[in-house]
Protein chains: 2
Amino acid sequence: DGALGATRAAVIGGATGTSNVEAAARYGLRATGTHAHAWVEAFPTELDAFRAYARLYPDDTTLLLDTFDTLRSGLPNALTVARELRAAGHELRGVRLDSGDLAYMSAQVRAELDGAGFPDVQIVASNDLSEFVIESVIKGGGRVDVYGVGTQLATGGGEGGGALGGVFKLVALDGQDRMKLTGDPAKASVPGDKRVWRARTGQGELVMDVITGLHDPVPQRGERVSDPTNPLGSRRVPAGLTWTDPRVVVMDGGVRRQAPEPLTDLQARARADLAALPEGTRRLLNPHRYHVSLGAPLQARRDALIASLRDRHGL
Amino acid sequence: DGALGATRAAVIGGATGTSNVEAAARYGLRATGTHAHAWVEAFPTELDAFRAYARLYPDDTTLLLDTFDTLRSGLPNALTVARELRAAGHELRGVRLDSGDLAYMSAQVRAELDGAGFPDVQIVASNDLSEFVIESVIKGGGRVDVYGVGTQLATGGGEGGGALGGVFKLVALDGQDRMKLTGDPAKASVPGDKRVWRARTGQGELVMDVITGLHDPVPQRGERVSDPTNPLGSRRVPAGLTWTDPRVVVMDGGVRRQAPEPLTDLQARARADLAALPEGTRRLLNPHRYHVSLGAPLQARRDALIASLRDRHGL
């Protein structure tokens, strides 16, 4: 309901299309958009994914370039598909940039598209855009034709602006691990089915959460667990910890598995959980960051998949 | 619905009461709060209002001190009522601060309450509180017993945080103008029934909006209109303006008076309205502020009411 109201307001304010197909149908708007990163992850290579999409929508294909590397993989593959489409009597409609320096990237992509004989391929930009980012892209010499604005338009930006930045990435398909790379290590996904283990001291104070593969063993004393957002941020699991599975199944297969709890129980649990956090993590200014790490076996599988994907895409 | 969800979440997070009586009834919470500024405005004097409230709730009275002046009017009147309640076998429960320097004010109020023999009267603080403001009040030596947190808890703060800061103030009662003063001229209300006139140049560019009394004439060339938030910000109405009433009645007496308009019409009107704004008002950084002023007759009535209220409260 919020998304529908936001879409309606955005159109009144001047937006010319929406990727929300329900809103498009309900308000008679133009539905528009591109494929997801998951589409690319679902194929053996990015070029396979681009070709499959272009076969389905030969006259309405906009290709998302940054699943692995915008300039070194996404753009060359898009140019290949653009030539193949033209040879078959069609034209690539656009390419989409969703990360990195949009001013620099869009100028580079525009130059390469023009140089290859595709001056009419549109450049679409997205990635948490606001009026301020758009102005900066324009002033920085960006060559963007279409701006995709969502979060900052619908929920307000800034600290505490209300947006929950959830995104969908494919992590496994038919039992095989899948992932998105990107240039920013913090935004590369973690492949495979996973679970969380939570460590406490003997006094009950929380120490760390460790994400493991669904069937990996509980983290071991001395195991090197790593911070996926910081390649240098690994640490060894200390001794004397008690591990629990913090997951509580309340809904399974569409069926509620627990009765609702009284609000007073929820309040008591929240208070106990907050009290168990390590000292410093609740400070308002520069708080300590609670450790959430990847277990060693999961990290090893992730590293192997990164190497394989880089290899397959010449990166 | 948003308010109910926010209240439920706040209670899980540790809040001990709510001023949302619907949420209190639905979730079995403690309903708590104080009277509004409007309660005080509805009586000839603040002391009359405090006494009337204490008669209704002799064992559960928390008095809001800042309708006219916290330390010079609100607090002395609250002490009078506290003594009267005690003489009748009751005790004043609390006082509430809703503006100004809460650390300084609460320390002053605590000292005066203690000195007058009321160490058990609680001090409640409100006014757009966040965890950061509360920490600053505590570090600044504030003596607050209860923090009333709302906007910043439910909608997120910061620029574009999503909160629409609407408040209710009484502006007229039985045909008589009413207003709230406070120490901050920007937060004093504008009394009486009002309407808005919108001025355009001959080329259709918007120049200013002028708020007048409902039955005042259209603003006149040369009339001195004033900015209610800035006592020095008055200006004379220039010549050559066309005035329109921007109000469109779409609902009246619970009945819809216009058919819904197509989204494309709304979009076209928004575009035309934005295009008519004066140059500079749409700039992202330090934009010009569009002029919204009070008409001279309304400003004169407001000044007279301020003088009368100050007089009645010894300010």
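Quick notes on the rules
Residues numbered from 1 in each chain as written. Chains lettered and ligands numbered in written order. Predicted model: local features only at pLDDT ≥ 70, side-chain atom pairs only at ≥ 80, totals over all residues. Heavy atoms only, no water. Pairing = 2+ DSSP bridges. Helix = DSSP H or I, 4+ residues; strand = E, 2+ residues; numbered from the N terminus. Axes fitted to C-alpha atoms, helices over the stretch in contact; angles between N-to-C directions. Parallel < 35°, antiparallel > 145°, perpendicular 65-115°, else oblique. Contact = heavy atoms within 4.5 Å. Nonpolar A, V, L, I, M, F, W, Y, C, P; charged D, E, K, R; others polar. Polar contact = N/O pair within 3.5 Å; in protein donor to acceptor, adjacent residues only side chain to side chain. Domains from an automatic or database assignment. Salt bridge = Lys/Arg side-chain N within 4 Å of Asp/Glu carboxyl O. Buried < 20%, exposed > 50% of the residue type's maximum accessible area, 1.4 Å probe, protein only.

**Student:** So what about the sheet that holds strand β1 (residues 62-64) of chain B? Which residues, and what values?
**Tutor:** Note: strands within a sheet are paired through backbone hydrogen bonds, in either parallel or antiparallel orientation. Residues and elements named next belong to chain B. Pairing within the open sheet is parallel, and its four strands lie in the order β1-β2-β3-β4. Here the strands that pair on one side only, and so sit at the sheet edges, are β1 and β4 (146-147). Looking at chain direction, strand β2 (residues 94-97) and strand β3 (residues 122-125) are connected through four bridges and run parallel. Directly across from G94, in β3, lies its bridge partner Q122.

**Student:** So what's going on with the packing of helix α1 (residues 2-12) of chain A against helix α9 (residues 263-275) of chain B? Which residues, and what values?
**Tutor:** Relative to each other, α1 of chain A and α9 of chain B sit at 50 degrees, their axes nearing to 7 Å. Considering the angle they form, α1 of chain A stands oblique to α9 of chain B. When α1 of chain A is examined against α9 of chain B, the residues R8, V11 and I12 of chain A are found in contact with a partner set consisting of L263, L266, Q267 and A270 of chain B. By residue class, the composition of the contact of α1 of chain A with α9 of chain B is five nonpolar, one polar and one charged.

**Student:** Go over the side chain of S73 of chain B with me, naming the residues and quoting the values.
**Tutor:** Residues and elements named next belong to chain B. Looking at where S73 falls in the secondary structure, it is placed in helix α5 (residues 70-87). For S73, the side chain forms a polar contact with the side chain of E46, separated by 2.6 Å. In this view, S73 contacts E46, F68, H313 and L315; residues no more than four positions away in its chain are not counted.

**Student:** Please set out the domain arrangement of chain A residue by residue, giving values where relevant.
**Tutor:** Taken domain by domain, chain A comprises domain 1 (33-154) and domain 2 (191-312). Taking the mean C-alpha position of each, domain 1 of chain A and domain 2 of chain A sit 36 Å from one another.

**Student:** Go over the pattern of salt bridges with me, naming the residues and quoting the values.
**Tutor:** Taken as a whole and judged by the stated rule, the model has 26 salt bridges over all chains. The residue E84 of chain B makes a salt bridge to R51 of chain B at a minimum N-O spacing of 2.6 Å. One end of the pair, E84 of chain B, is in helix α5; the other, R51 of chain B, is in helix α4 (residues 46-56), with 33 residues separating them in the sequence. Its relative accessible area of 35% is what places E84 of chain B among the partly exposed residues. According to the relative accessible area criterion, R51 of chain B is partly exposed, its value standing at 31%. Residues joined by salt bridges that share partners form a network here, namely R110, D114 and D145 of chain A.

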